[in-house]
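Reading the structure
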Amino acid sequence: MNRILIIGAGGVGRVVTHKCAQHPEIFQEITLASRTVAKCDAIVGDIKNFPGKIQTAAVDADNVEELVSLIEKVRPQLLINVALPYQDLTIMAACLKTGVHYLDTANYEHPDEAHFCYAPQWAMQKDFEEAGLTAVLGCGFDPGMTNIYTAYVRKHYFDRMDYVDIVDCNAGDHGYPFATNFNPEINIREVSAKGRYYDQGIWQETEPLSVKREFRFPDGIGSKDIYLLYHEEMESLTKHYPEVKRMRFWMTFGQSYLMHLKALENVGMTRIDPVVYEGHEIIPLQFLKKLLPDPASLGPRTVGKTCIGIWVSGEKEGQAKSCYLYNTSDHQACFREVGAQAVSYTTGVPAALGARLVLTGEWSGKGVFNVEQFDPDPFMSEIGDWGLPWQVTFPSAASFEDFLISRDPCASGDN
Ligand code: NDP
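Here the structure is a predicted model, which is why all the values come from computation and not from measurement.

Let us now look at the site of the ligand. Near the ligand there are 28 residues, and of these Arg35, Thr36, Lys39, Ala61 and Asn183 occur at the shortest range. The contact in question runs from an oxygen atom of the ligand to an N or O atom on the backbone of Asp142, over 2.9 Å. One nitrogen or oxygen atom from the main chain of Pro143 is found 3.1 Å from a nitrogen atom belonging to the ligand. For the ligand, whose unbound accessible area comes to 930 Å², protein coverage reaches 93%.

Moving on, we get to the side chain of Asn81. One can find Asn81 in strand S4 (residues 78–81). At a separation of 3.0 Å, a polar atom in the side chain of Asn81 contacts the main-chain amide nitrogen of Ala83. Contacts of Asn81, omitting those with residues within four sequence positions, involve Ile7, Gln87, Asp88, Ile91, Tyr102, Leu103, Asp104 and Thr105.

Now for the packing of helix H13 (residues 342–359) against helix H14 (residues 376–386). Packed helices, taken two at a time, are described by their axes: the angle between them and the distance between them. Running from amino to carboxyl end, H13 crosses H14 at an angle of 130°, the nearest separation of the two axes being 10 Å. Classified by the angle between their axes, H13 and H14 sit oblique to one another. By crossing handedness, the relation of H13 to H14 is classed as right-handed. For the pair formed by H13 and H14, the contact residues are Tyr345, Val349, Pro350, Ala352, Leu353, Gly354, Arg356 and Leu357 on the first element and Pro378, Phe379, Glu382, Ile383 and Trp386 on the second.

Analysis parameters
Residues numbered from 1 in each chain as written. Predicted model: local features only at pLDDT ≥ 70, side-chain atom pairs only at ≥ 80, totals over all residues. Heavy atoms only, no water. Near = heavy atom within 4 Å. Polar contact = N/O pair within 3.5 Å; in protein donor to acceptor, adjacent residues only side chain to side chain. Areas by Shrake-Rupley, 256 points an atom, 1.4 Å probe, with all protein chains shown as cover. Helix = DSSP H or I, 4+ residues; strand = E, 2+ residues; numbered from the N terminus. Contact = heavy atoms within 4.5 Å. Axes fitted to C-alpha atoms, helices over the stretch in contact; angles between N-to-C directions. Parallel < 35°, antiparallel > 145°, perpendicular 65-115°, else oblique. Left-handed = near helix turned anticlockwise from the far one by under 90°.

In structure tokens form, the structure reads like this:
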């Protein structure tokens, strides 16, 4: 009898709950908890025909004692954390106190500092090891699938990886001049930070969104501008694959998004330090979040596709080799299935499958793990059936740069 506790009833929490409920052979009892229980009730109310037990609860995940008493009541084997990155450490602490496995999709970030890193979570390695528990970090899409893709191509297609480029495209249109597809506060903090990429063992820094290229995406998406960003999976991937000479992360942004972001930055609306307004302290970015559309509400109006993948160049049996592995998802298809757009869907589905692999012991180990440390094969063989099929192509040129602007990376490979 597998019992799970999901924390966070946002867009991603909706997808994880639906996906787990689609697999009653694995998940027999599901509890969805969040700060606002009405959001949990709305999600659970949409789930029909789940033969097991499904319930909701209210919890403040910043409070370890509250978490502990909820966990003791629910008695799950595994907790899936899809609240905000601010809660990672308190939720991990509560798992340690109660003897429960842990899985999340975003690395820890302090609310007062726009900086994310794995260090505080990796520092809990010994505690999880001694408790005989597994903590799985970053099991969404990026981080998550992109890490598993990297592990998979290294295992099956390369003897050595030299260059890794992770490319994240959201070609969806929600019809608003400015909205974010996941939590606005987290999204804007990530995008307005300096860019960083890894080059020959050194992290090179770039001004925010100052490095732009154009990439032609497959499956009818076509050419899009991509911008160099720092992204969290690079921290663990460069640690676990020290052979990689250069690693970069790229993301697409539309002109309207960039124009609004610049204006909001220029007037101070993206600041995360307190400002006194009419006698009250407010954080401008948190106030902005209140004004922006809730990402969970974008589902019905978002059309178009996402395409996230990795481009790797390296060597196999003495020959130069390149490979592009990716998933394309359709916003409306995701919405029809679980009531959420593709950005939430592509995050929640890997979390649900990761949870299944921990519960069945196919992913096991005592301590704190990034997903590339597990065997990618059981994940890659099932993820298509769970809703995120992948494609791989082996373009003949050896460089990612060769495929920018002018060439279609899927046109010349042996699929
Ligand atoms: P949302 O903002 O839509 O949802 C977050 C949920 O967490 C809300 O329901 C909120 O509850 C709840 N929450 C926040 N603070 C607390 C708290 N103190 N106690 C209990 N619940 C709390 O975010 P998303 O669903 O879009 O994202 C969820 C997570 O997924 C984030 O960590 C995000 O960074 C991550 N993510 C990862 C991606 C990946 O590919 N790896 C991609 C996209 C997102 P309430 O509404 O009641 O305040």
